[in-house]
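Single-letter residue listing:
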Amino acid sequence: MPEEDKPCPIPDLPRGPLCEYRQRAKFSWKALKQVLEDPNVIRIRYDVWQKLEREPLFAPLTSTLPVDQQKERAAKQVKRIAELKLDPQEIYSMDYKYRVRYLMSINEALHAVCPSMSVKIALGVGLFTNALLAMGSERHSAIYNAAWNREIITCLAITEVSHGSNTKRCRTTATYDPKTQEFIINTPDFEAAKCWVGNLGKTGSMALLFAILHTSDGQNHGLQGFLVPIRDPTTLQPYPGVIVGDIGEKIGLNGIDNGFVMFNNYRIPRENMLNRAGDVTPEGTYESTFTEPGKILGAVLESFSAGRLGIMQESSNTLSHAAVIAVRYAALRKQFGPEKDGPEQSIMEYQLHQWRIFPYLAAACVLKASVFSLTDIYLATVQKSQKDSNGFELLSQIVSELHALVSSSKPLVTWTARDAIQESREACGGHGYLRAANLGELRNNHDPSCTYEGDNNVLGQQASNWLLRQWKAAKVESPVGTANFIERREAILGSNFDAIVRASGGVVESAEFITNCYEWLMCWLLRSTAEQLQHADKDGTDRFKARNDSQVYRARDLSRAYSEYYALECFRKRCLREDVAENLKPVLSNVYLIYGMWCIDRHLATFYAGGFAVGPRFADAIRSALLGACGQLKDSAVAVADAIAPPDWVLNSVIAKSDGRLYENIQNVMMTNPGAMERASWWKDIVPSKMKAKL
Ligand SMILES: Cc1cc2nc3c(=O)[nH]c(=O)nc-3n(C[C@H](O)[C@H](O)[C@H](O)COP(=O)(O)OP(=O)(O)OC[C@H]3O[C@@H](n4cnc5c(N)ncnc54)[C@H](O)[C@@H]3O)c2cc1C
């Protein structure tokens, strides 16, 4: 049965104390869920969760296992997932877009339950095979199939001990030996050891390794990809010439065996070089083999963006989980009240608390929509590139624009999730600090998303570079449409707060007002960054320094503003679709306003610095719109949280169960935690020695 014909699997929620707020919402949370999350994705996720709930290996843990046991558990989970066959065979006869969206949805469901396991699969199966498709050829299909079918555990080895972001400076070498038709892999010293490589520490048997290619004529051909056997897949013993190990305990994600590896004159066959773009002949000559440029471009897009989109999907779920925990707790937790001895009120009633947590609830909704939409364009583009190699120029423009979108959106989503977790932890007070509240696990496991697959600060620069190129070009090349506003730069920069408010009929609480503010902000940041670069050029400052000195308050803010603008636009367009019921529109518009005003509030200094507004009216208008919208959301917040919440066992938070029985649930956890009421086994060691003598 096609996914869309299957009945909606969203289960009802139990009745309980949360119903007091739940009933105040003027819409169905299930209907809202199907706007905020695609119905097919919901079905796939619930299907996976139902299967996992029956599996003892996936039952939530109540305490932190020793590091080695975490690795053992994650590795066994990876194996079990393969046995469960969560990906139905029929998806492999469907088109690329459908198939990959299906697999991405499975990944989202897995990540919400066991992040370490899902990253291990994403690295070893998804990213490895994607990179192989992009860079390899027919001769690597046996390895591709073995990785896809989980017969071998694989990894991607790019980062070295002393180089991460600047991969071009990696120093591992692959030198061709025409006599034996082999590459000799060498690691010059520990600083050039491959490092942080997921799946490499204990389990990986094959690495896709990036090394500098040297041919026997002494020429350096830069970084190339090679398939490098690491361990015997049947014994997991390393091969001679390979020094491989686990890097040790990390802050989180300890189920992943991140490893280091060094090579000492280690030989691999010539065919192990990934030769889609270039190859070394048996005699030792390097030949570039650029055929079908459109397909190569699509494949490169696929290999570099898929991982980042996966991280954004996972992070938007993590952000949702944090917001759900904070909102449900805020509805149930009561402190203080207007009368001295009268009833106390929920902390959600306090404006300060609303202002702290509702923007994250709104961000979760908006970013879910934008990540979904960005993934859609990406999948459609890769699918098109696979079908025909025509239209290379347009495809290359789309690829550049998508790269800019991904490079700015991955930082936005991961940073927002990071901040949401911390704010939610504090918003849940002491109980938020309980392990069983799950905010600590969320924090530790989410944290590296800001670093891997491109450090956020470095990645964001690629988006601002692309925008600056559009700003300077005679013609804006923005087939996705995200930079078309640049064509109206003069009118936009000629505008200001007063003019924009007048144009929107004196109303600031509108999408039109928010969009106009953003377009002004981006144009101003573009102009001032470009001017700063121009002045530096005139002063004779070298371009490297000039570019680096134009990041703070300029290019970095530009990249952030661009991703927020894109997210808000995606959400607005989603809300305008026909399938959105009338009674959902007020809450959706409220969510949009909160996120928009909250983001603009954070850019206020730039608006004033650029002369967009003078005096307090602009700041007052933004802030009172934000506070007004937060007050409006209060009665709907629990229903919005229900709409983005996973099942209780997946959320795994004792303070945010959907039954709302906060204190019963906390009592259960506190009173049943192992040894809670037993005397400590070490009690004798701590009683005063004098007393001990009497015992
Ligand atoms: C859990 C985890 C799993 C990983 N898995 C893998 C894996 O499977 N395979 C793999 O190859 N790698 C992996 N990595 C490594 C990861 O890809 C790198 O850590 C990442 O690319 C960042 O590189 P780096 O650590 O060298 O940071 P650096 O590049 O050294 O950055 C350090 C700081 O310097 C700043 N900085 C750097 N350059 C600039 C600049 N031009 N301007 C301003 N600031 C700058 C950055 O913003 C950052 O804050 C993993 C890392 C983690 C944490």
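Residues numbered from 1 in each chain as written. Predicted model: local features only at pLDDT ≥ 70, side-chain atom pairs only at ≥ 80, totals over all residues.

Right, let's get into the overall build of the protein. Helices and strands together make up the secondary structure of the protein, namely 25 helices and 11 strands. Taking 695 residues into account, the globule formula puts the C-alpha radius of gyration at 26 Å, and the protein, at 27 Å, falls close to it. Every one of the 695 residues in the protein was classed for burial, and the buried ones make up 46%. For the protein, the share of sequence-separated contacts (at least 6 apart) that also reach a separation of at least 24 residues comes to 76%. (Helix = DSSP H or I, 4+ residues; strand = E, 2+ residues; numbered from the N terminus. Rg over C-alpha atoms; globule rule 2.2 N^0.38 Å. Buried ≥ 20, exposed ≤ 12 C-beta atoms within 10 Å, placed from the backbone. Contact = placed C-beta atoms within 7 Å.)

Turning our attention to the packing of helix H5 (residues 96-113) against helix H6 (residues 115-135). Taken N-terminus to C-terminus, the directions of H5 and H6 make an angle of 145°; their axes are 6 Å apart at the nearest point. Of H6, the residues touching H5 (which contributes Asn107, Leu110 and His111) are Pro115, Met117, Ser118, Ile121 and Ala122. Residue classes in the contact of H5 with H6 are distributed as 5 nonpolar, 3 polar and no charged. (Axes fitted to C-alpha atoms, helices over the stretch in contact; angles between N-to-C directions. Nonpolar A, V, L, I, M, F, W, Y, C, P; charged D, E, K, R; others polar.)

Under the present numbering, the feature "domain: Acyl-CoA oxidase/dehydrogenase middle" (unreviewed entry) in UniProt falls on residues 155-265. Across residues 155-265 one finds 0% helix and 41% strand; the C-alpha atoms that close the span lie 21 Å apart. (UniProt positions renumbered as here; feature names shortened; annotations may be inferred.)

The sharpest bend along H6 comes to roughly 35°, located at alanine 122. Most of H6 is tucked away: 19 of the 21 residues are buried. (Bend = angle between axes of the 7 residues up to and from the residue.)

The next thing to look at is the nonpolar core. One recurring pattern in soluble globular proteins: nonpolar side chains tend to sit buried together. Core analysis: the largest hydrophobic core is formed by 195 residues, its most contacted members being Ala323, Val366 and Ile594. The element contributing the most residues to this core is helix H9 (residues 351-387), with 16 residues. Every residue in contact with isoleucine 594, bar those within four places of it in the chain, is listed here: Phe358, Pro359, Ala362, Leu626, Ala629, Cys630 and Leu633. (Core = buried A, V, L, I, M, F, W, Y, C linked by C-beta atoms within 7 Å.)

We now examine the environment of glycine 164. By the element assignment, glycine 164 lies in the loop between strand S1 (154-157) and strand S2 (173-177). When the 18 C-beta atoms within 10 Å are taken as the criterion, glycine 164 is described as partly exposed. Sequence spacing of glycine 164 and glutamine 345 is 181 residues, and the spatial spacing of their C-alpha atoms is 50 Å.

With that settled, the discussion passes to the site of the ligand. The local shell around the ligand holds 20 residues, among which Ile158, Thr159, Gly164, Ser165 and Asn457 are the closest. Every element with two or more residues in the shell around the ligand is listed here: S1, strand S4 (194-197) and helix H12 (456-472). When residues of the shell around the ligand are assigned to their parent elements, the largest contribution, 3 residues, is made by S1. For the shell around the ligand, the residue count by class is 11 nonpolar, 8 polar and 1 charged. (Near = placed C-beta within 6 Å.)

Take the packing of H12 against helix H15 (residues 511-538) next. Remark: H12 packs on H15, axes separated minimally by 10 Å, with the N-to-C direction vectors making an angle of 85°. In terms of orientation, H12 lies roughly perpendicular with respect to H15. Contacts between H12 and H15 involve Leu467, Leu468, Trp471 and Lys472 from the former and Leu526, Thr529 and Ala530 from the latter. Broken down by class, the residue content of the contact of H12 with H15 amounts to 5 nonpolar, 1 polar and 1 charged. (Parallel < 35°, antiparallel > 145°, perpendicular 65-115°, else oblique.)

Further remarks concern the environment of asparagine 258. With respect to the secondary-structure elements, asparagine 258 resides in the loop between strand S7 (242-246) and strand S8 (259-263). Along the backbone, asparagine 258 and leucine 200 are 58 residues apart, and their C-alpha atoms lie at a distance of 5.8 Å. Contacts of asparagine 258, omitting those with residues within four sequence positions, involve Trp196, Val197, Gly198, Leu200, Gly201, Ile247 and Lys250.

Pairing is antiparallel across the open sheet formed by 3 strands, whose spatial order is S4-S8-S7. This sheet does not close on itself; its edge strands, each paired only once, are S4 and S7. Taken pair by pair, the neighbouring strands of this sheet meet at an average axis angle of 15°, ignoring direction. As paired strands, S4 and S8 are joined by 2 bridges and run antiparallel to one another. (Pairing = 2+ DSSP bridges.)

On to the UniProt feature "binding site: FAD" (unreviewed entry) in the protein, then. This chain's UniProt record puts "binding site: FAD" (unreviewed entry) on Thr159 and Gly198. A stretch of 40 residues holds the annotated residues, and the largest C-alpha distance among them is 10.7 Å, short enough that they meet in one place. Within the secondary structure, threonine 159 sits in the loop between S1 and S2. The residues contacting threonine 159, other than those within four sequence positions of it, are Gly164, Lys194, Cys195 and Trp196. For glycine 198, a count of 23 C-beta atoms within 10 Å puts it in the buried group.

Let us look at the pairing of strand S5 (residues 206-214). Burial within S5 is extensive, with 7 of its 9 residues counted as buried. Across 4 bridges, the pairing between S1 and S5 is parallel. In the sheet register, alanine 157 faces S5, and the bridge partner there is leucine 209. In terms of strand pairing, S2 meets S5 through 3 bridges, oriented parallel. Along S5, the bridge assignment pairs threonine 173 with isoleucine 212. Relative to strand S6 (residues 220-229), S5 is paired through 8 bridges, and the arrangement is antiparallel. Paired with histidine 214 across the strands is asparagine 220, a residue of S6. Where S5 hands over to S6, the hairpin turn is made up of 5 residues, of which glycine 218 adopts a positive phi near 85°.

Take unusual backbone geometry next. For asparagine 199, which is not glycine, the phi dihedral falls at a positive 80°. Its identity is not glycine, yet asparagine 438 carries a phi of approximately 75°, on the positive side. Mapping asparagine 438 onto the fold places it in the loop between helix H10 (392-427) and helix H11 (439-446). Given 21 C-beta atoms within 10 Å, asparagine 438 falls into the buried group.

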